[in-house]
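# Per-entry structural report
Listed below are the residues making up each chain.
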Amino acid sequence: MKTVFEMHEPGKNAYMVDTYGIAEGEEIPAGLLRDELDLPDINEVEAVRHYTYLSTLNFGVDSGMYPLGSCTMKHNPKINERTASLPGFTSLHPMAGRECAQGTLEMIYELGNYLSGVTGMSRFSIAPAAGAHGELVAVMIIKKYFEEKGENRKVILIPDSAHGTNPASVAMCGFEVKSVPSTPEGDVDMDALKEVLDENVAGMMLTSPNTLGLFDRNIHVIADLLHEKDALFYCDGANLNAVMGKARINDMGFDIMHINLHKTFSTPHGGGGPGAGPIGVVSKLEKYLPVPVVEKGEEGYFLNYDRPESIGRIHSFYGNVLVMIRAYTYIRMLGAAGLREVSETAVLNANYLLAKLKDHFYLPVDRTCMHEFVISDKGMPNHVTTNDIGKRILDYGFHAPTVYFPLIIEGAMMIEPTETESLETLDTFVDTMLKIKEEAEKDSELVTGAPHNLAFKKVDAVTAARKPVLKWTKE
Ligand SMILES: *Cc1c(COP(=O)(O)O)cnc(C)c1O
């Protein structure tokens, strides 16, 4: 396949430039010339075909099952796109006065209430732009809480199974990260926790259910231990897919949390597109929420900036509104009973796959899982690795699972089917995994040399890492 630069033929053009008042023969002023711009000359048909073809090389949740654990790549109902493109939302100017923005403000306000309903948290800010951003904002709140109490606590505890964004957010706020090990059964090691927990600990961030797809059986004990030291308990709730309508994060003893709307609540994500990482807090932390907060007054909804103890502004205007509309639509479409069914089905689907695969792949922790589970490449024949399996499954029309995460399981494959896959698709996925295992036994080069059926073949990962080519240049 040629790059668009290799298709260049001088004189082929796909544009008609207006002269914008420059008379024929007159030179374009030097300051406006873009000399360094080295664009190829190709015509419109070629340009359209080139980019349309490129778009088909992508794998998306609309092309097939995407069992990318921790990322909750579920189907994005198309009705979400309809509502998010309603002109009343899309043509609202961010500087419009409150009289013109009542619908959008009401949607944000109600969405916050729904999230409170799902989690039991007393109030939400939906402004953070992603999970990691929500973490950062929430850790800023933890910091402010202790500053106002006149305490200078330095440490935040994080289990070794955590998502990498957790320690990054904590470090960015100037806290020291202390890692807490997990037991072989996948829970927080309680003895190790007690050893590091003292008055210098501002809080603990725990993913619930954790990244092994397990619900920590000591959650209440952990919450009590933290609260005894007046530390705050933070839930990384990026994926609530297992617990909606089943268990509330606040009832587990958490004080503060974030949610990824672009995971649990079906808004499209991946490739760095916009997301939303709302944070929820218990009542004693409400006053620190970022401004503006959407409130309901006598004259309708408004943005309240008058909150002296707030940590301040963390996003332009309201946040990523179109993401919120998608999540709002999803919640309204399903209702409370529907959300509960989402979680039941997500957990059932994950346990179905777990039961079908556990006799064939190494399962480090054999417990009932939540919305995802982790297997590994331990014991695979002919030194076939997780990386090889991840590549080979692409040949069969599936996206790869999450690989080599969580870090505590060597060669991890983290699988999350979500509730939106049919039994038929789940069975095809199982058959494919078993087929790859058989290939690994009988004809392992099929697996180690994969992918074979894609536009791109196996990448030389070592050379790519040692000598990265970050910019295409004409030779
Ligand atoms: C995805 C995820 C995050 C980070 O969310 P982003 O929106 O990618 O920043 C944090 N924690 C967990 C457990 C996640 O799965």
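Described in the following lines is the structure provided in the data block.

What counts and how
Residues numbered from 1 in each chain as written. Predicted model: local features only at pLDDT ≥ 70, side-chain atom pairs only at ≥ 80, totals over all residues. Heavy atoms only, no water. Salt bridge = Lys/Arg side-chain N within 4 Å of Asp/Glu carboxyl O. Buried < 20%, exposed > 50% of the residue type's maximum accessible area, 1.4 Å probe, protein only. Helix = DSSP H or I, 4+ residues; strand = E, 2+ residues; numbered from the N terminus. Core = buried A, V, L, I, M, F, W, Y, C linked by side-chain atoms within 4.5 Å. Domains from an automatic or database assignment. Contact = heavy atoms within 4.5 Å. Pairing = 2+ DSSP bridges.

## Observations concerning the pattern of salt bridges
Pairing is possible between side chains of opposite charge, provided their charged atoms come close. For the structure on display, the rule yields 23 salt bridges. For E151, the salt bridge identified is with K149, shortest N-O distance 3.7 Å. For E151, a relative accessible area of 27% gives the class partly exposed. Its relative accessible area of 36% is what places K149 among the partly exposed residues. In this structure, D187 engages R367 in a salt bridge whose closest nitrogen and oxygen atoms are separated by 3.2 Å. Pair noted here: D187 is in the loop between strand 3 (176-180) and helix 7 (190-196) and R367 is in the loop between helix 9 (321-357) and strand 10 (373-376), with a separation of 180 residues, a long-range link. Residue D187 shares its accessibility class with R367, and that shared class is buried.

## Describing the nonpolar core
As a rule of thumb, nonpolar side chains are buried together in soluble globular proteins. Judged by nonpolar contacts, the single largest core of 88 residues is most densely connected at L261 and F265. Each of domain 2 (78-334) and domain 3 (337-465) contributes no fewer than three residues to this core. With near-sequence residues (within four places) excluded, F265 lies in contact with L115, M244, I259, N260, R326, A327, Y330, I331 and L339.

## Looking at the sheet that holds strand 12 (residues 412-415)
Taken together, the three strands give an open sheet; going across it, the order is 10-12-11, and neighbouring strands pair in antiparallel fashion. The open sheet has two edge strands, strand 10 and strand 11 (402-403), and neither has a second partner. Judged from the four bridges that link them, strand 10 and strand 12 form a sheet pairing that is antiparallel. Looking at strand 12, one finds that I375 is bridged to M413.

Read these as geometric descriptors, not functional statements.
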